[in-house]
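These are the residues of each chain, in order.
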Amino acid sequence: MKKIVLHTFLFLVLALFILSAYKEATSSGAKSTRLPCYKGLTVFEKVHSESLLKKIDKKANKSAEISFVPSKYKSPELFDIVKKEDISLMAQKELNATFQKKNPLHIKLMVLENDKLDPGKKNEEAKKFLGYIRASYYYENSLIYQVQVDFLTHDKIASTLKCIEQSFGTLLRK
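Residues numbered from 1 in each chain as written. Predicted model: local features only at pLDDT ≥ 70, side-chain atom pairs only at ≥ 80, totals over all residues. Heavy atoms only, no water.

Chemist: Summarise the state of the cysteines; cite the residues concerned and give the values.
Modeler: For the coordinates displayed, the defined rule picks out one disulfide. Here C37 is linked by a disulfide to C163, with a sulfur-sulfur distance of 2.0 Å. Around the S-S axis, the bridge from C37 to C163 shows a dihedral of about 70° and counts as right-handed. Taken as a pair, C37 in the loop between α1 (2-26) and β1 (43-47) and C163 in helix α5 (residues 157-169) lie far apart in primary sequence, 126 residues in all. Take C37: its relative accessible area is 24%, and that puts it in the partly exposed class. (Disulfide = S-S within 2.5 Å. Helix = DSSP H or I, 4+ residues; strand = E, 2+ residues; numbered from the N terminus. Buried < 20%, exposed > 50% of the residue type's maximum accessible area, 1.4 Å probe, protein only.)

Shown next as C-alpha cells:
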C-alpha cells in the first residue's frame, strides 16, 4: 500500500513539473519572439481576456490617448529630440486610432524615456534602448491586452507603434 501511495505521489510531482515546464516554454513575455518585428527588442505582452478578444473585429474603430514619461534620474532628452505632437501623429497613423473620442476599443499609450541612471536597472542590456512604448488595450473599459516594446533610437518610434498594432491584430478574428 505504501508503494502505491509513494508511486502516485511521485507521478503527480513529475506531472506538475512537466506541466509547469510546458507552460513556461510556451508563454510569451520578455524577449518574446512571436512576431518578426520583435527581433532584437525586449517585448513584454499579456492577454488579459481571451473571451473579449474574440468579440472584437479587426476592422473595429479604435480610439487612443497618450501620455509621456520623461526620465527621472538623468536629464530628459527624448522629448527634445522628438516632439510629443509628432509622436501623437505617429500613433494616430500607425495604430489607425482617433484621439478625438472614446470608442469601445480604446488604447492607452505611454511613451517612456529609458532612464539609464535609474538604480533599479539590473543589467547593461536594460540601458541600451532610448525608450519604450506600453500599450494597454481596453474593450468596453475592460483591460484585454497589454504589450510593451522598446525602441533603440528615436527614428524607430513609428516602427515600434506599427509592431504594437501588428501584435494586437494577430490576436483578433478576421
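Chemist: Account for the packing of aromatic side chains, with residues named and values stated.
Modeler: For the structure on display, the rule yields five aromatic pairs. Relative to Y145, the ring of Y137 has its centre 5.9 Å away and its plane inclined at 45°; by these criteria the two rings are tilted. An identical accessibility class is assigned to Y137 and Y145; each is buried. Relative to F168, the ring of Y145 has its centre 6.0 Å away and its plane inclined at 35°; by these criteria the two rings are tilted. Residue Y145 is located in strand β6 (residues 142-151), and its partner F168 is located in helix α5; the two are separated by 23 residues in the primary sequence. It is K84 that lies over the ring of F79; its NZ or CZ is 5.6 Å from the centre. One cation-aromatic arrangement involves K108 over Y138; the distance from NZ or CZ to the ring centre is 4.9 Å. (Phe/Tyr/Trp six-rings, centres within 6.5 Å; stacked < 30°, edge-to-face > 60°. Lys NZ or Arg CZ within 6 Å of the ring centre and 35° of its normal.)

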